[in-house]
Amino acid sequence: MAGLILRQIAKTFGETRVLRGISLDIADGEFVSLVGPSGCGKSTLLRIIAGLEAQSSGEVLIGGEDVTGVRASDRNLSMVFQSYALYPHLTVGENIAVPLRMRQLTAAQRLPVIGSLMPGARARGREIAGAVSEAARTLDIDGLLERKPGQLSGGQRQRVALGRALVREPAAFLLDEPLSNLDAKLRVHTRAEIAELHRQLRATFVYVTHDQVEAMTMSDRIAVMMGGEILQCAAPGVVYDDPEDLRVAEFIGSPK
Ligand code: ADP
Ligand code: MG
């Protein structure tokens with residue numbers, strides 16, 4: 001099973017303790033939001049799960065396996081950033097294909113022949129094109145494949161970033177405030193689409209947001225973070241009706 005387990009994750013930057021022992025079990029297929037005020041360590045935690053940052057101590061288990069030291073590209077996860085992180089000089093189609101091309105390149109580099117001469121390289125090319133159009137259809141951007149990111153709206157760029165995450169067919173998606181650059185109307189729309197994507201794929205989602213309303217409407221469970229700790233992790237209704245801590249109540253906006 002491809003659940004995620006965090007065991008006592010701690011992180012210090014120089015003198016600053018940013019994460020103070022985070023433990024969390026996320027079930028396969030679960031949608032968990034990490035919420036909390038700016039600077040509480042949400043992005044740092046997500047980057048550690050993704051393998052983009054090393055923890056100071058503690059363990060990350062993916063599908064029961066300790067992935068400490070495993071490269072980000074080998075973790076079977078897709079991360080989506082607030083800033084989209086698209087390549088401006090590549091078309092939409094090429095941007096979505098990047099993770100698959102990287103995989104192909106790595107395979108080619110392991111063999112003492114040039115990638116394009118490898119048997120099956122052309123068939124693999126068709127496979128990539130097929131995966132890109134399927135992801136584009138799912139996200140309703142199949143008419144934009146030849147455009148460059150500079151010719152897209154914010155909402156369209158976010159779909160391209162999601163498309164790039166989708167083609168990897170990862171066991172888990174890590175999303176870091178993916179909607180925060182969108183206007184309010186588009187945010188509500190895209191939120192519903194991400195929830196629908198979760199229903200379709202049944203993959204594990206870890207969703208970072210500082211917007212508690214967003215988290216309440218999308219998640220199986222919400223982990224409320226503050227000062228590098230998880231204060232409470234429970235179903236939205238439980239966190240709202242029965243906050244364990246005054247700080248949780250204040251952040252979520254529970255009635256006093
Ligand atoms: P959040 O995503 O919840 O807003 P972050 O994880 O980005 O919080 O940051 C948590 C804290 O860690 C902040 O105080 C931030 O300044 C600090 N921090 C994050 N990354 C680094 C870094 N690379 N070097 C030093 N401090 C960092
Ligand atoms: Mg952040």
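Residues numbered from 1 in each chain as written. Chains lettered and ligands numbered in written order. Predicted model: local features only at pLDDT ≥ 70, side-chain atom pairs only at ≥ 80, totals over all residues.

For the protein, an unreviewed UniProt entry supplies the name Sugar ABC transporter, ATP-binding protein and the organism Pseudooceanicola batsensis. Regarding the protein, the UniProt comment filed under Sequence similarities (unreviewed entry) reads as follows: "Belongs to the ABC transporter superfamily." (UniProt positions renumbered as here; feature names shortened; annotations may be inferred.)

### Notes on unusual backbone geometry
Within the chain, Y84 stands out as a residue other than glycine whose phi angle is a positive 70°. As for its placement among the helices and strands, Y84 is situated in the loop between β6 (77-80) and α2 (92-110). Not every positive phi belongs to a glycine, and E169 is a case in point at roughly 45°. By the secondary structure assignment, E169 is in the loop between α4 (154-166) and β7 (172-176). (Helix = DSSP H or I, 4+ residues; strand = E, 2+ residues; numbered from the N terminus.)

### Quick look at the sheet that holds strand β5 (residues 65-66)
With antiparallel pairing, the four strands of this open sheet are ordered in space as β2-β1-β4-β5. The sheet is open, and its two edges are formed by β2 (16-26) and β5, each paired on a single side. Relative to strand β4 (residues 57-62), strand β1 (residues 4-13) runs antiparallel, the two being bridged by five bridges. Note on β4: the bridge partner recorded for L4 is I62. (Pairing = 2+ DSSP bridges.)

### A few points about the site of ligand 1
F13, T16, V18, G36, S38, G39, C40, G41, K42, S43 and T44 make up every residue found near ligand 1. A total of three residues in the shell around ligand 1 trace back to one element, the largest contributor, which is helix α1 (residues 42-50). A breakdown of the residues in the shell around ligand 1 according to their chemical character gives three nonpolar, seven polar and one charged. (Near = placed C-beta within 6 Å. Nonpolar A, V, L, I, M, F, W, Y, C, P; charged D, E, K, R; others polar.)

### Some details on the sheet that holds strand β9 (residues 221-226)
The sheet built from six strands is open, its strands ordered β6-β7-β8-β3-β9-β10 with mixed pairing. Each edge of the open sheet is held by one strand with a lone partner, namely β6 and β10 (229-234). If you compare each strand with its neighbour and ignore which way they point, the axes differ by 15° on average. Here strand β3 (residues 31-35) runs beside β9; their pairing, made up of four bridges, is parallel. Across the sheet, the residue bridging to S33 is I222, located in β9. (Axes fitted to C-alpha atoms, helices over the stretch in contact; angles between N-to-C directions.)

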